[in-house]
Amino acid sequence: MPIALIIAFAASLGMHALLLFGPDVDLSTASEPPPLQAELLPPAATEPPPVPPPKPAASVARSRTARRKPHPPVAPKPVLSVPDSPAGISQAAPAPDAAAPAAASGLPGESPLPAPAAMALPAPAPLMAARGTIHYRVDRGDQGFAIGRATHDWQIIDGAYRITAVTETSGLVALFKPLRIELESRGQLTPEGLLPERFVTRRKGVETSERADFDWPQRQVRVGNKPPQALRRGAQDLLSFHYQLGLLPEVISGSMLSIATGKKYEQYRIEVLGDEDVETPAGSFRCLHLRVPGVSTTELWLAYDHRRLPVKIQHTDRDGAIYVQTATAIEMSQEP
């Protein structure tokens, strides 16, 4: 590639690289409200009207001419309820027993409402290894043009975890547009997965205002310098959610996950795209493909045989530019 073209490309890389490397990735689906779930309630039981005493014949004749046909009772309208998804990732409602009578669905003879589509994972995977590292190559577009590298490290000691992600430009791009950003997530590893307590962002080693503090006893999260917000169960930060999705027993398409990005705290919709075979420099993997759509979109490929770790991460920004992180090496150890 000519040097002049590389310089022009590197100069235009700034904002796009920040979208990929920094915590200001816009995964928001705020314009798409969470789906409503309709609950059909059976009509309330009513007692039969009392039988009036017999009337004289003349009175009965007059009443027959004056009597009007009563209006049929109006069944109550369906009640729409929006659950708060207390578990962060909502779980599918249990399927009704096929042997149960039809009236169990709420209305006689009516079939039950279908449950959301879910991707059932294979046998439950063990929790994260006590220590591990994933090295990534960062490409711009799908043509394999490398612009940088990234490294994810994690360590778990006595139930407390620490995950870091360092991303930096490399090669000629780094010569004309040097960039290094570090993300860090700290918290606890529980039977329900990761429970983040603090998320920070550093540029050139200096901590920025893009952070999130989780106060689980008070059920509050503070993002940057904003006022505290109500903390939902199962909430994650911008780094921990990459690993939390792999720890869930199942992921339901259309479910919502609360994420603090360092700039905002919102709910994001998860889409399950199915299983795919992925070729990477680190090997071939059978993966679960997930997508978080929005103004910009993030996609994850979680390797089944490697504790559902993210072996490929793709980000498409609001301008349509694609950035791909592909695993080049994976290291794991049970020793912290």
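Residues numbered from 1 in each chain as written. Predicted model: local features only at pLDDT ≥ 70, side-chain atom pairs only at ≥ 80, totals over all residues. Heavy atoms only, no water.

1. What about the overall build of the protein?
Okay, so step 1: Scanning the protein for helices and strands turns up four helices and 21 strands.
Okay, so step 2: Looking at the protein as a whole, 41% of its 336 residues are labelled buried.
Okay, so step 3: Expressed as a percentage of contacts within the protein between residues at least 6 apart in sequence, the contacts between residues at least 24 apart total 52%.
Okay, so step 4: If you sum the accessible surface of the protein, you get close to 18400 Å²; carbon and sulfur atoms cover 57% of it. (Helix = DSSP H or I, 4+ residues; strand = E, 2+ residues; numbered from the N terminus. Buried < 20%, exposed > 50% of the residue type's maximum accessible area, 1.4 Å probe, protein only. Contact = heavy atoms within 4.5 Å. Areas by Shrake-Rupley, 256 points an atom, 1.4 Å probe, with all protein chains shown as cover.)

2. Side note on the pattern of salt bridges
Okay, so step 1: Taken as a whole, this structure holds 16 salt bridges when the rule is applied.
Okay, so step 2: Here the salt bridges share partners, and the residues they tie into one network are Arg162, Glu182, Glu184, Arg186 and Arg202. (Salt bridge = Lys/Arg side-chain N within 4 Å of Asp/Glu carboxyl O.)

3. Focus: the packing of aromatic side chains
Okay, so step 1: Here the structure, examined in full by the defined rule, presents two aromatic pairs.
Okay, so step 2: Aromatic pair Trp154 and Tyr243: ring centres 5.7 Å apart, planes at 55°, arrangement tilted. Of this pair, Trp154 sits in strand E5 (residues 145-157) while Tyr243 sits in helix H4 (residues 241-247), placing them 89 residues apart in sequence. Both residues of the pair, Trp154 and Tyr243, belong to the buried class. (Phe/Tyr/Trp six-rings, centres within 6.5 Å; stacked < 30°, edge-to-face > 60°.)

4. Here's the deal with the environment of Leu183
Okay, so step 1: Note that Leu183 resides in strand E7 (residues 180-190).
Okay, so step 2: Along the sequence, Leu183 and Glu207 sit 24 residues apart, while their C-alpha atoms lie 9.6 Å from each other.

5. Structural notes on the nonpolar core
Okay, so step 1: The biggest cluster of nonpolar side chains holds 58 residues, and the ones touching the most others in it are Trp154, Leu194, Phe214, Phe241, Tyr243 and Leu245.
Okay, so step 2: Here this core takes five residues from strand E18 (residues 283-292), the largest share from any one element. (Core = buried A, V, L, I, M, F, W, Y, C linked by side-chain atoms within 4.5 Å.)

6. What about the confidence of the model for the protein?
Detail in the predicted coordinates should be disregarded across regions flagged by low pLDDT.
Okay, so step 1: On average, residues of the protein score 74 in pLDDT, and 62% of them are at 70 or above.
Okay, so step 2: Note on residues 1-49: pLDDT under 50 across the span, and 104 contacts to partners over four residues away in sequence or across chains.
Okay, so step 3: Note on residues 55-116: pLDDT under 50 across the span, and 56 contacts to partners over four residues away in sequence or across chains. (pLDDT = per-residue confidence, 0-100.)

7. So, the pairing of E18
Okay, so step 1: With nine bridges joining them, strand E17 (residues 271-280) and E18 adopt antiparallel strand pairing. Along E18, the bridge assignment pairs Val272 with Leu290.
Okay, so step 2: Here E17 hands over to E18 after two residues, the two strands then running antiparallel side by side.
Okay, so step 3: Here six bridges tie E18 to strand E19 (residues 297-303), and the two strands are oriented antiparallel to one another. Counterpart to Val292 in the pairing with E19 is Thr298.
Okay, so step 4: Linkage of E18 to E19, two consecutive antiparallel strands, is achieved through a turn of four residues. (Pairing = 2+ DSSP bridges.)

8. Observations regarding the pairing of strand E16 (residues 265-269)
Regular strands place side chains that alternate from one sheet face to the opposite one.
Okay, so step 1: The pairing of strand E15 (residues 256-260) with E16 spans five bridges and is antiparallel. Bridge assignment links Leu257 to a residue of E16, and that residue is Tyr268.
Okay, so step 2: Counting the residues between successive antiparallel strands, the hairpin from E15 to E16 contains four residues, one of them, Gly262, with a positive phi of roughly 105°.

9. A closer look at unusual backbone geometry
Okay, so step 1: The phi dihedral of Lys204 is positive, around 55°, even though this residue is not glycine.
Okay, so step 2: You can see Lys204 is positioned in the loop between strand E8 (193-203) and strand E9 (206-207).
Okay, so step 3: With a relative accessible area of 76%, Lys204 lands in the exposed category.
Okay, so step 4: The backbone of Arg307 shows a phi angle near 55°, a positive value even though the residue is not glycine.
Okay, so step 5: Tracing the chain through its elements places Arg307 in the loop between E19 and strand E20 (309-316).

10. What to know about the sheet that holds E16
Okay, so step 1: Spatially, the three strands line up as an open sheet ordered E13-E15-E16, and their pairing is mixed. Only two strands of the sheet have a single neighbouring strand rather than two, namely strand E13 (236-237) and E16.

11. Some points on a nonpolar patch on the surface
Okay, so step 1: Together, Leu172, Leu175 and Phe176 make up an exposed nonpolar region whose accessible area comes to about 280 Å².
Okay, so step 2: Since its relative accessible area comes to 60%, Leu175 is described here as exposed. (Patch = residues over 30% accessible without salt bridge, like charges linked within 9 Å, V, L, I, M, F, W, Y side chains within 5 Å.)

12. Some remarks on the side chain of Gln244
Okay, so step 1: Tracing the backbone shows Gln244 in helix H4.
Okay, so step 2: Ignoring any residue separated from it by four or fewer positions in sequence, one finds Gln244 in contact with Glu192, Gly193, Leu194 and Gln236.

13. Quick word on the side chain of Ser258
Okay, so step 1: Looking at the secondary structure, you find Ser258 in strand E15.
Okay, so step 2: Residue class for Ser258 comes out buried when judged on its relative accessible area of 0%.
Okay, so step 3: Separated by 3.4 Å, the side chains of Ser258 and Arg232 make a polar contact. (Polar contact = N/O pair within 3.5 Å; in protein donor to acceptor, adjacent residues only side chain to side chain.)

14. Things to note about the environment of Asp305
Okay, so step 1: With respect to the element layout, Asp305 can be found in the loop between E19 and E20.
Okay, so step 2: In sequence terms Asp305 and Phe285 are 20 residues apart; their C-alpha atoms lie 7.4 Å from each other.

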